[in-house]
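Structural description and commentary
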Amino acid sequence: MGDGNDRHVTAETLFDAVQKSSASVSLATVYNTLRSFTEVGLMNEITVDGNRSYFDTNVSDHAHFHFDDGRVTDASHGPVTLNNLPDVPEGYEVAKIDVVIRLRAKA
């Protein structure tokens, strides 16, 4: 992951890659490490459904494409404009908006 390329990994795919090497680590350790990296701002977590999160090495504000085969990629690097957001409850502010555009192949 330190090769300078932006990546979107799940804990499971990273765990599988480690299992193929000579290293030994538990899946829980992979999850904990990814969450720690996210907490300190080294990665962003992208939740695409209730069961799967991807961890993104590109921490800039940007949208994502989620393909029906499970892949996640960066959408264009331009800003996304959202209009008519609901009013935020008193005492709160918008911290972040995640945009995941779900794609499927045309029939």
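No experiment lies behind these values; they were computed from the predicted model shown. Here the residue index of a chain counts from 1 through its sequence in written order. Given that this is a predicted model, residues contribute local features only at a pLDDT of at least 70 and side-chain atom pairs are listed and counted only at 80 or more, while totals for whole chains, interfaces and linings are drawn from all residues. To get the side-chain values, take all heavy atoms of the structure and skip hydrogens and water.

Points about the sheet that holds strand S5 (residues 72–74)
In spatial order, the strands read S5-S4-S6; together these three strands make up an open sheet with mixed pairing. A strand with exactly one partner marks an edge of an open sheet, and here the two such strands are S5 and strand S6 (100–103). Pairwise comparison of adjacent strand axes, ignoring direction, gives a mean angle of 25° for this sheet. The pairing criterion is simple: DSSP has to find at least two bridges between the two strands. A run of H or I in DSSP counts as a helix once it spans at least four residues, and a run of E counts as a strand once it spans at least two, with each numbered from the N terminus. With three bridges joining them, strand S4 (residues 64–67) and S5 adopt antiparallel strand pairing. By the bridge assignment for S5, His-64 is matched with Asp-74. Only the contacting stretch of a helix is used when fitting its axis, a line to C-alpha atoms as for every element, and angles between N-to-C directions run 0 to 180 degrees.

Some thoughts on the side chain of His-64
As for its position among the elements, His-64 is in strand S4. In this structure the side chain of His-64 is engaged in a polar contact, spanning 3.4 Å, whose partner is the side chain of His-8. Contacts are assigned to residue pairs with any non-hydrogen atoms lying within 4.5 Å of each other. The residues contacting His-64, other than those within four sequence positions of it, are His-8, Ile-46, Asp-56, Val-72, Thr-73, Asp-74, Ala-75, Val-99, Val-100 and Ile-101. We call two N or O atoms a polar contact when they sit within 3.5 Å, provided that within protein one can donate a hydrogen and the other can accept it, with sequence-adjacent residues counted only if both atoms are side-chain atoms.

Quick look at the packing of aromatic side chains
Only Phe, Tyr and Trp rings are paired, with Trp represented by its six-membered ring, and only when their centres lie within 6.5 Å; those with planes under 30 degrees apart are stacked, over 60 edge-to-face, the remainder tilted. If you walk through the whole model with that rule in mind, you get one aromatic pair. The aromatic ring of Phe-67 is capped on one face by Arg-71, whose charged end is 4.0 Å from the ring centroid. Consider the ring centre and the ring normal. A charge sits over the ring if Lys NZ or Arg CZ is within 6 Å of that centre and within 35 degrees of that normal.

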